[in-house]
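The residues making up each chain are set out below.
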Amino acid sequence: MHVTYQQAEQIIDAAINKARETGVPSCVAVVDSGANLKAFRRMDDAWVGSIDVAIKKAKTACLFGMPSGDLGKLSQPGGQLYSIEHSNEGLITFPGGLPIVDKQGVLIGAIGVSGGTVDNDYKVAQVGVKVVGVTDLPEHPWRT
């Protein structure tokens with residue numbers, strides 16, 4: 001199963017509305033369960049550099065089935081996954097990328113948000129995910 005185009009648009013709409021509330025121009029990306037870009041939107045005045053960051057946050061959350069910031073905690077100097085961000089043609093390991101899990105516990109995609117502080121990006125991403133699912137994967141999630 002993958003996030004549908006309609007779901008992706010609903011996710012982005014909700015995230016963009018939250019970004020507007022915070023006053024932070026943002027980029028929002030949604031990927032399917034294979035980490036392929038499904039939908040993307042860049043608000044006026046959002047940083048050009050945030051385009052790539054949003055997409056890579058979503059990709060990171062999808063490929064590893066966890067929030068991008070959680071992977072970041074594991075990839076600090078001396079950590080077991082130090083330098084993992086250099087794999088998979090580049091990952092982003094700070095907050096703002098979240099997996100999207102459906103009611104059956106299946107990973108159907110992920111969202112990535114970039115434009116503000118990592119705390120703000122995380123909050124905007126959470127609002128998007130809630131439109132179609134949750135971010136918590138079961139202990140042994142289905143993987144693409």
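Before reading further, recall that the structure is shown in the block above.
Residues numbered from 1 in each chain as written. Predicted model: local features only at pLDDT ≥ 70, side-chain atom pairs only at ≥ 80, totals over all residues. Heavy atoms only, no water.

**Topic: the environment of Ser50**
The following threshold applies: Helical segments are the DSSP runs of H or I of at least four residues, strand segments are the runs of E of at least two, and each set is numbered from the N terminus. Buried residues are those whose accessible area, probed at 1.4 Å on protein chains only, stays under 20% of the maximum for their type, while exposed residues exceed 50% and partly exposed ones sit between those limits. Whether two residues touch is decided by their heavy atoms; if any such pair falls within 4.5 Å, the residues are in contact. Polar contacts, as used here, are pairs of N or O atoms within 3.5 Å; protein pairs need one atom able to donate a hydrogen and one able to accept it. Residues neighboring in sequence count only if both atoms are side-chain atoms.
Looking at where Ser50 falls in the secondary structure, it is placed in helix H2 (residues 49-64). Taking the relative accessible area as the measure of exposure, Ser50 reaches 3% and is therefore buried. For the pair Ser50 and Lys73, spaced 23 residues apart in the sequence, the C-alpha separation amounts to 21 Å. Apart from the residues lying within four places of it in its own chain, the contact partners of Ser50 are Cys27, Ser114 and Gly115. A polar atom in the side chain of Ser50 sits 3.1 Å from the side chain of Ser114.

**Side note on the nonpolar core**
Cut-off, in case you're wondering: Only buried Ala, Val, Leu, Ile, Met, Phe, Trp, Tyr and Cys residues count toward a nonpolar core, and they belong to the same one when joined by side-chain atoms within 4.5 Å.
If you look at the biggest cluster of nonpolar residues, it comprises 21 residues, and the most contacted ones within it are Ile11, Ile12, Val28, Val30, Ile100, Ile111 and Val113. If you list the elements that add at least two residues to this core, you get helix H1 (5-22), strand E1 (27-32), strand E3 (97-101), strand E4 (107-114) and helix H4 (118-129). The dominant element in this core, judged by the number of residues it contributes, is H1, at six residues. Setting aside residues up to four positions removed in sequence, Val113 forms contacts with Ser26, Cys27, Val28, Ala54, Lys57, Gly96, Asp121, Val124 and Ala125. Counting seven residues, the second largest nonpolar core, distinct from the first, contains Ala35, Ala61, Leu107 and Ala110.

By themselves, these observations are geometric and do not establish any function.
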